[in-house]
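Read off the chains here:
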Amino acid sequence: IWVTPLFSIGNKRRLEEDDMYQVLPDDASQGLGEELQRHWDKEVRMAAKELRMPKLTKAIVRCYGKPYAVLGIFSFAVEVVKVIQPVFLGKLIQYFEKYDPNNMDALYEAFGYAAGVSLSTVALTVLQSLYFYHVLRTGMKIRVAMCHMIYKKALCLSSAAMGRTTTGQIVNLLSNDVNRFDEVTTNLHYLWIAPLQAVVVIILLWYEIGPSCLAGVAVLLFLMPLQTMFGKLFGSLRSKTAVLTDSRIRTMNEVVSGIRIIKMYAWEKPFSALVNEVRRKEISKIMSSSVLRGLNMASFFAASKIIVFITFAVYVLLGNTISASRVFVAVSLYGAIKLTVTLFFPLAIEKVFETIISIRRIKNFLLLDEIERPNMRFTLEEKKDASVEIKDLICYWDKVNILAGSILTCLPSHLPQSSLLSAILGELPHDKGVLRVKGQLTYASQQPWVFPGTIRSNILFGKELHPQKYEKVLRACALKRDMELLPDGDLTLIGDRGATLSGGQKARVNLARAVYQDADIYLLDDPLSAVDAEVGRHLFEQCICGILKNKPRILVTHQLQYLQAANQILVLKEGHVVARGTYSELQHSGVDFTSLLKRDEEEEPQTNNNHSVVKHAFSQNSISSHTSSMHSVKDGADQLPELVQTVAEESRSEGNIGASLYFKYLNAGASILVMLGTVLLSLIAEVLTHPKCQAVNTWENRVMTDKSPSLCSGLTLASVIFGFARSLLMFNVLVKAAQSLHNRMFISLLRTPVRFFDINPIGRILNRFSKDIGQLDSMLPITFVDFSQLILQNIGVVAVAAAVMPWILIPVVPLLIIFLFLRRYFLQTSRDVKRLESTTRSPVFSHLSSSLQGLWTIRAFRAEERFQNTFDTYQDLHTESWFLFLVTSRWFALRLDGICAAFVTVTAFGCLFLRDGLEAGAVGLVLSYAVTLLGNFQWTIRQSAEMENMMTSVERVVEYTELESEAPWETQKHPPPEWPSQGLITFDRVSFSYSSDGPVVLKDMKAMFRPKEKVGIVGRTGAGKSSLVSALFRLAEPEGRIYIDGVLTSEIGLHDLRQKMSIIPQDPVLFTGTMRKNLDPFHQYTDEDLWNALQEVQLKSVVEELPNKMETVLAESGSNFSVGQRQLVCLARAVLRKNRIIIIDEATANVDPRTDELIQKTIRDKFRECTVLTIAHRLNTIIDSDRILVLGAGMIQEFDEPYVLLQNQESALYRTVQQMGKAEAASLLESAKQVNTDTASQPNLMSLV
């Protein structure tokens, strides 16, 4: 009753999240998860004691076994009533067979039986409703608890364990594996009820028709083991499918994360082939499962026909006479066990085997290694004396002390594979040596990590807001100006992976988060790499040496000009400490360190020497970073407002699921011809079923004619064969539809512009590829086939009944109208609830995905509990919609069953009141049809509603197959094969915006980049540097004209354009797969080419040390390579492609000076004949360019040779150089002068251009 108001709302308008009822305390994620976790922890301890593997099933049984066992009583009662009802029915028909108008006792007895029939129908209605409500809720509880445990485990995984699992696998566990608990709880009790019920029915049948019943029972006994075998096969297929699904979702996760790179490299086709191949294998397993399912369902529909036919054929052959009451009791009793034995029992076996596989997968995940967390509670005394002590760590470290008053700086000369910081954080287990940390740690990661939420929530990270302190931190981290420029200030929402912020802003938010925490020791992993010189100096002086001056800080940086501020410097080489000491000590020691430094007299640092700073290389296992130049620290700077893309709310359809969607779904799997063939086959199968019923149903003849048995056998056999063919064909069509829709959705996703990925969180996209495609693969085909067979069956039954007794149509028609009205009323609301259930699932996946990316930060800040609570909140929101879907379905079922019960009661008593002149056969037919037809009717209506609700998944998939598409990959007009032969780029009045309604980020730009010219591009955040690259690659269509060697780029296909330019991107992206696949996904190059390219970038030795060299499979996102090494792989890709135009986008921001130098040298040597555009923060990387382009507010401020610009004291470049300190400025001017002299001494061949 309490759900009814919701239906009236749902029929007036679309339901929103606010309309949902709050989650019940018993169903809250936190409570359920903690309870199951307790049982699991206990099981793990017991297993360790008994020297065995822990069993997750035991923990689940201990936690939920008792209440679930009690529900078996309901189920048992339902089946008992189903068996008793035919007995009452038989007695009632017997009264008509022996009808005597004067026998009042018999009449009263008949009234008793009629009451029995109607009461049993009412009892079924109530009991079934209670049973399904409770079992489904139990399934939901297990699922929610399991999700809580999986997420909790994900937060504790050690680095080694992270290598053994992937985001794809965890998403699959949360989206598909846990759903098995919802499915298995519904049918599990039938494993013991079905055999028990079969025994009872056999006894009753023996009493009714004697030994003939054994013929029908033999068929049943043959079916049960056959279906058990099917169940086992389902289990093994499920485990194989799950592994392939993991693999597909992992690849999808990488594709969505690295979509910019994939588009710029024009790698859509190999990735499409990769996903399609995995999907093809997955579909072949699903197809096998579906064939089994088809056989299973066909055997269910055929079983009843075969059993009744065989039983009565034997009965007649044994010389017995058929009577109406006998036929009805037998048919009804077989009907009672038909569902249980041939549908629920095999379904229970199938689901049990599938669930065992899922439990095994979850258990293996829960048993992965966890990180060992040292106790981090310190006394006030210890906090005052905060320090980090490292002694003989992993046998490589000398004794190192970092105290509150001293300074230690580590400099890398080669990137060591494991990081000092990760050891201090406890992320890297150490075998030997001492690592003592006194004091609370906080950490700013090398690749800035932000989570979806407001900028303020990212900085506060769970701490209370103290306005003065907060303002101070914003100022120190140069974020004040950004907050003024953003539309909602610090309450601006950050998208998934920080898509709404520039790289520089993310880096500063990341730093501000660490600074705001009131910690004792600060680990800052290269926070200055993403900023330009001016902002870098501001952060160093105001933040690192300002606001934090009295705290020990361990700073990692490649900015050598800050080394004098350190008390102690540590030089690391390949994991060893090569030297240690102060700046001046190391300068005089002649260690490798000095070659990294300019020995010129540095401008006096304006900082006190009482802070401790440690500098070190980089941290392992990090996520790619968006680096970008910064907003000016000065407030008056002329800038564009930063491009902020708000996260779009997930789209949700409204209204009915139209016939067009069903057509799109079926048409995806079959042509119209095949669809018509399927319909025809179904009709033939159904038509063949019913004449043979006539043969049995011709009660008036009482005895079968001689021809009847042979005709009957022929019809039975034909109907069984056609039934099987129909079932298999339909499953085949529906699985093909799922495959086709998946492939179309994926291609559509690859073809959509990049902006789509900026405004849609990764969890939202993965939700459609995991959960919605999962529905299309498994549940929807079963429901669809079941519904289509039921509909035809009902039409057949009504037709046969009407042929025997036309007046039966009188009550059937109004009933049908009532049912259809109820269905429509129910679906108005239930469809919206189902859509809400789909959209409230996305935040769960997005939260998981972003938590895995920022795992180190979450753990360093001890924020696991807060993130767990957020996860539980998202789960509770999903539970609200799921629970609502459960109760609305029960509301519908209860009303349908109630109407049926009323109809059966009226029919039973009506027959008695109209007893005069009624044939026993007619009464039997009417009553048995009233019971079975109504059962079928309401089940059909229910399945149609269930199917329509599942079609919301098809709707969501189809929506993604129709995304806006970017320009075609290939057009009629192809550029010449050797194009571009020179590398001349001309921008002619180019304006650029990322979307039609977004701000213009490049304004009326005119520029020409000459062939073979090296151009450096500088400018602050929002100046339009990255937008210039986006316009060149047509990531969104620019206005105006861009020519390359005279070819208008907007007239050729995107692949023709993008394949002819190489980019070394800001974020070095590697994909899971072999090293070879990462370098050459198209297999265009020889082994020799690949090894040469690796040698050019000095990675050959690293790859040769890998176990399988070039064929070694990289970890997810290439996390077993350092950031610098990943950047070198991107450089090797550019070396291989041998293009005339190279774009280098902040490629050296995250690498140490030596690697930077190596990259610059490779660029100068290998790309001598190329036009090179370099976007950079480090001026020393671009000062030797032929010309420098300074951008501001989307327009060109100046464009000339560096030496010319530096001569002009008014120029923006001159001002930037001066902020770097006297020595650095002098050095840069010298470099520019040198380049100028070199170019002057050799005639400029390009002056003609």
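Residues numbered from 1 in each chain as written. Predicted model: local features only at pLDDT ≥ 70, side-chain atom pairs only at ≥ 80, totals over all residues. Heavy atoms only, no water.

Undergrad: How should I be thinking about the side chain of K82 in this particular structure?
TA: Residue placement: K82 occurs in helix 3 (residues 56–97). What makes K82 buried here is its relative accessible area of 14%. Ignoring sequence-local partners within four residues, the contact set of K82 consists of L124, Q128, Q197, A336 and L339. (Helix = DSSP H or I, 4+ residues; strand = E, 2+ residues; numbered from the N terminus. Buried < 20%, exposed > 50% of the residue type's maximum accessible area, 1.4 Å probe, protein only. Contact = heavy atoms within 4.5 Å.)

Undergrad: Mind showing me how you'd approach the nonpolar core here?
TA: Nonpolar side chains tend to gather and get buried jointly when the protein is soluble and globular. One finds I424 and L749 to be the most contacted residues of the largest nonpolar core, which totals 247 residues. Counting residues in hydrophobic clusters, the runner-up holds 26 residues, among them L205, Y315, L333 and I349. (Core = buried A, V, L, I, M, F, W, Y, C linked by side-chain atoms within 4.5 Å.)

Undergrad: When you look at the pattern of salt bridges in this model, what are you seeing that I'm missing?
TA: Across all of its chains, the model carries 37 salt bridges by this definition. Across the salt bridge formed by E1037 and R1034, the nearest N and O atoms sit 3.1 Å from each other. Judged by relative accessible area, R1034 falls into the buried class, the value being 4%. (Salt bridge = Lys/Arg side-chain N within 4 Å of Asp/Glu carboxyl O.)

Undergrad: Please clarify how the sheet that holds strand 14 (residues 1014–1019) should be interpreted in this entry.
TA: In a beta sheet, neighbouring strands are held together by backbone hydrogen bonds and run either parallel or antiparallel to one another. Reading across from one edge, 17-20-21-14-22-23 is the order of the six strands in this open sheet, with mixed pairing throughout. Of all strands in the sheet, those with a lone pairing partner are strand 17 (1061–1064) and strand 23 (1195–1200), marking the two edges. Averaged over all pairs of adjacent strands, the angle between strand axes in this sheet comes to 20 degrees, irrespective of strand direction. Here strand 14 pairs with strand 22 (residues 1187–1192) via five bridges, running parallel. Within strand 22, the residue paired with G1019 across the bridge is L1191. Of the strands in this sheet, strand 14, strand 17, strand 20 (1141–1145), strand 21 (1171–1175) and strand 22 touch helix 31 (residues 1025–1033), which is tilted by about 145 degrees from strand 21. (Pairing = 2+ DSSP bridges. Axes fitted to C-alpha atoms, helices over the stretch in contact; angles between N-to-C directions.)

Undergrad: I tried to follow the sheet that holds strand 15 (residues 1039–1044) on my own but got confused; where do I start?
TA: On the basis of which strands lie adjacent, the open sheet formed by four strands has the order 13-12-15-16 and antiparallel pairing. Edge positions in the sheet fall to strand 13 (1000–1009) and strand 16 (1047–1048), since each of these pairs with one other strand and no more. Sheet topology places strand 15 next to strand 16; two bridges connect them, and they run antiparallel. Counterpart to I1044 in the pairing with strand 16 is V1047. Running at roughly 110 degrees to strand 12 (residues 985–993), helix 31 makes contact with strand 12, strand 13 and strand 15 of the sheet.

Undergrad: Looking at this structure, I do not really get the packing of aromatic side chains. What am I missing?
TA: Any two aromatic rings considered together are summarised by their centre-to-centre distance and by the angle between their planes. Counting across every chain of the model gives 25 aromatic pairs. Between F111 and F909, the aromatic rings sit 6.0 Å apart at their centres with planes inclined by 25 degrees, giving stacked as the arrangement. In this pair, F111 is assigned in helix 4 (residues 104–156) and F909 in helix 29 (residues 864–913), connecting sequence segments 798 residues apart. A residue is classified by how much of its surface remains accessible, and F909, at 22% relative accessible area, is partly exposed. Between F461 and F861, the aromatic rings sit 5.0 Å apart at their centres with planes inclined by 75 degrees, giving edge-to-face as the arrangement. Separated by 400 residues along the polypeptide, F461 in the loop between helix 15 (455–460) and helix 16 (467–476) and F861 in the loop between helix 28 (855–860) and helix 29 bring together distant segments of the chain. On the accessibility criterion, F461 (4% relative accessible area) is buried. (Phe/Tyr/Trp six-rings, centres within 6.5 Å; stacked < 30°, edge-to-face > 60°.)

Undergrad: Which parts of the structure should I look at to understand the packing of helix 1 (residues 4–12) against helix 26 (residues 809–839)?
TA: The geometry of a pair of packed helices is captured by two quantities: the angle between their axes and the separation between those axes. Between helix 1 and helix 26, the least distance of the axes is 8 Å, while the angle of their chain directions is 85 degrees. Comparing the axis directions of helix 1 and helix 26 gives the class roughly perpendicular. Residues L6, F7, S8, G10 and N11 of helix 1 form the contact with helix 26, whose participating residues are Y825, F826, Q828 and T829. Here the contact of helix 1 with helix 26 is composed, by residue class, of four nonpolar, five polar and no charged. (Parallel < 35°, antiparallel > 145°, perpendicular 65-115°, else oblique. Nonpolar A, V, L, I, M, F, W, Y, C, P; charged D, E, K, R; others polar.)

Undergrad: I would appreciate a short explanation of the packing of helix 3 against helix 4 in the present structure.
TA: Two numbers describe how helix 3 lies on helix 4: the axes approach to 8 Å, and their chain directions differ by 160 degrees. On the basis of the axis angle, helix 3 is roughly antiparallel to helix 4. For the pair helix 3 and helix 4, the crossing hand works out as left-handed. Across the contact of helix 3 with helix 4, the residue classes break down as 28 nonpolar, eight polar and three charged. (Left-handed = near helix turned anticlockwise from the far one by under 90°.)

Undergrad: Please explain the confidence of the model for the protein as it appears in this structure.
TA: Detail in the predicted coordinates should be disregarded across regions flagged by low pLDDT. Overall, the prediction assigns the protein a mean pLDDT of 76, with 82% of residues at 70 or greater. When mean pLDDT is taken per element in the protein, helix 2 (residues 29–49) scores highest with 90 and strand 3 (residues 410–414) scores lowest with 42. In this model residues 596–646 is a low-confidence stretch, pLDDT under 50, and it forms 226 contacts with partners more than four residues away in sequence or in other chains. Within the model, pLDDT remains below 50 along residues 1243–1249, and this stretch shows seven contacts once partners closer than five positions in the same chain are excluded. (pLDDT = per-residue confidence, 0-100.)

Undergrad: How do you make sense of the environment of L1206 when you look at a structure like this?
TA: Along the polypeptide, L1206 turns up in helix 39 (residues 1202–1207). Sequence separation between L1206 and Q1218 is 12 residues, and the spatial gap between their C-alpha atoms is 9.8 Å.

Undergrad: Is there a simple way to think about the environment of S996 in this case?
TA: Within the element layout of this structure, S996 appears in the loop between strand 12 and strand 13. Look at S996 and you get exposed, because its relative accessible area is 81%. The spatial distance from the C-alpha of S996 to the C-alpha of A1036 is 9.5 Å, given a sequence separation of 40 residues.

Undergrad: Looking at this model, I keep getting lost on helix 34 (residues 1087–1096). Mind explaining?
TA: Since the α-helix advances by 3.6 residues per turn, residues separated by three or four positions end up pointing in the same direction. Within the sequence span of helix 34, burial applies to L1090, W1091, A1093 and L1094. Buried residues of helix 34, viewed axially, fall in a sector of 160 degrees; they line one side. Buried-residue contacts for helix 34 involve helix 33 (1075–1079), helix 35 (1100–1104) and helix 36 (1123–1137). Directly after helix 34, the chain includes Q1098, whose backbone phi takes a positive value near 55 degrees. (Arc of directions from axis to C-beta.)

Undergrad: In this structure, what is going on with the environment of Q739? I would like to understand it.
TA: Its place among the elements puts Q739 in helix 23 (residues 707–751). Under the relative-accessibility criterion, Q739 is labelled partly exposed at 21%. Sequence separation of Q739 and I283 is 456 residues, and the distance between their C-alpha atoms is 6.8 Å. With residues near it in sequence (within four places) discarded, Q739 still touches R279, R280 and I283.

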